[in-house]
Amino acid sequence: MRILKMGQTGGGIGAFIGEVHRKAARMDGYVQVTAGAFDINPERSLEQGKILGLDPKRVYTDYKTMLKAESALPKGERVDFISICTPNFTHFPIAKACLEAGFNVMCEKPMTMNRQEAEELQKLVKKTGLTFGLLHTYTGYPMVKLAKDMVKAGDLGKIRKVVVQYPQGWLGQLAATMPLKAAWRTDPKQSGASCCIGDIGTHAANLAEYITGLKITSVLADLSTYLGGKLDDNGDVLLRFEKGVKGVLVASQVSSGEENALRIRVYGDKRSLYWNQEDPCYLHVISDTEPEQVWKRGNAYVAAKSPAAGRCTRTPSGHPEAFLEAFANHYKNFTDTIRAKELKKKPTELELDFPSVADGVRGMKFIEAVVASSKKGNVWTKV
């Protein structure tokens, strides 16, 4: 396979998520970081380029300069896609400019600041025919893909209820120790309409829709602001899905002692399943009439049941795969889709198994519905 060239905005020295993107994209050896505008400070951007061993001429002061310079290079030499790892409020203008310049995009979430921007990007992706990926990390785990295929195969029977929770405690700690770093996260000008729901609640909603194959149709939300900021840091949401399925979503960034405890339970009339992100290599299936089943990542029976899970498994059973590999799975499918289009081939269903611009639109609609529901006094609101 041709090694694709990656450009990046953001991800400068000390940035966590930008380095995660670089590690994940390069994990399978078919992507090379070639260019970037890594920091708003030109000197720091250049320093990051040196660390990565890049040609200084391909390290830029800003994304506009990068797009202009890379566009002038011949095909095969210019970057094939751009990874956007900048703050929330910059995602839309950068993504729009990348698409208009003819570059594929992998974007951090939330995709935009509002639904209107998200829908504009969706139209632009359709118009250009370019590939757009969105990093909803957790659907990249093999056992999540197994769960999806189990539901699709009818192993659980008719789905009745979904319970998904995502408690963290870090924002409360940050507010106490480094209040300035915490402040921007609850600033609507930088984060959008929501802090907690926008940051992690959308992950929980995306996970629920991915596994069940059902869209959330309406919400009844109660948002809280324990830290005194302008945006929520905790959210409790009742969910209604298609086909009469009910659910509950709980997200919090002020749950003291919690780390990254994303968990989901899907209840059917025959069986139920649950998965825990902090113990991600195991999927539990339970029922009233059978012993509990524990499906273990890396075994041949998992790949036989779920080709998507098998495709996204790199190591034998008993050798844990987790966060970085989940990121890398999305990059693998995203870049394989780019290659398929280059060869004028229709990407396969497995290659297209990564979050897209449509998921970004869903996320913004979910955020807006949750915020509206809470502001109106906790009333049912359509998504």
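Keep in mind the model is a prediction, meaning the values are calculated, not measured.

(A) Main features of the layout of surface pockets. The space that makes up the second largest pocket amounts to roughly 630 Å³. Lys148, Glu209, Tyr210, Gly213 and Asp353 are, among the 25 residues lining the second largest pocket, the residues nearest its centre. Counting residues per element, the ones that place at least two in the lining of the second largest pocket are helix 6 (142–153), helix 10 (196–212), helix 12 (307–311) and helix 14 (357–375). Sorting elements by how many residues they give to the lining of the second largest pocket places helix 6 first, with four residues. Tallied by class, the residues present in the lining of the second largest pocket amount to nine nonpolar, five polar and eleven charged.

(B) Molecular detail of the packing of helix 5 (residues 115–128) against helix 14. The geometry of helix 5 relative to helix 14 is characterised by a closest axis approach of 9 Å and an angle of 165° between their N-to-C directions. On the basis of their axis angle, the class for helix 5 and helix 14 is roughly antiparallel. Considering how the two elements wind past one another, helix 5 and helix 14 form a crossing that is left-handed. Residue-level contacts link Arg115, Gln116, Ala118, Glu119, Leu121, Gln122 and Val125 of helix 5 to Val357, Ala358, Gly360, Val361, Met364, Lys365 and Glu368 of helix 14. Across the contact of helix 5 with helix 14, the residue classes break down as seven nonpolar, three polar and four charged.

(C) Fine view of the pairing of strand 7 (residues 216–224). As judged from the eight bridges shared by strand 7 and strand 8 (residues 234–241), these two strands associate in the antiparallel manner. Counterpart to Leu223 in the pairing with strand 8 is Gly235. Bridge count between strand 7 and strand 14 (residues 381–382): two bridges; the pairing is antiparallel. Bridging from a neighbouring strand, Ser218 pairs with Lys382 of strand 14.

(D) Highlighting empty space enclosed by the protein. A complete count under the given rule lists three cavities of 30 Å³ or more for this structure. Around the largest cavity, the lining residues are His136, Thr202, Ala205, Asn206, Glu209, Ile216, Asp359, Arg362, Gly363, Phe366 and Val383. Counting residues per element, the ones that place at least two in the lining of the largest cavity are helix 10 and helix 14. Across the lining of the largest cavity, the residue classes break down as four nonpolar, four polar and three charged.

What counts as what
- Residues numbered from 1 in each chain as written.
- Predicted model: local features only at pLDDT ≥ 70, side-chain atom pairs only at ≥ 80, totals over all residues.
- Heavy atoms only, no water.
- 1 Å grid on protein atoms, 1.4 Å probe; cavity = no way out; pocket = protein on both sides within 12 Å on 5 of 7 lines; lining within 4 Å.
- Points joined across faces, edges and corners; volume = space filled by probe spheres on them.
- Helix = DSSP H or I, 4+ residues; strand = E, 2+ residues; numbered from the N terminus.
- Nonpolar A, V, L, I, M, F, W, Y, C, P; charged D, E, K, R; others polar.
- Axes fitted to C-alpha atoms, helices over the stretch in contact; angles between N-to-C directions.
- Parallel < 35°, antiparallel > 145°, perpendicular 65-115°, else oblique.
- Left-handed = near helix turned anticlockwise from the far one by under 90°.
- Contact = heavy atoms within 4.5 Å.
- Pairing = 2+ DSSP bridges.

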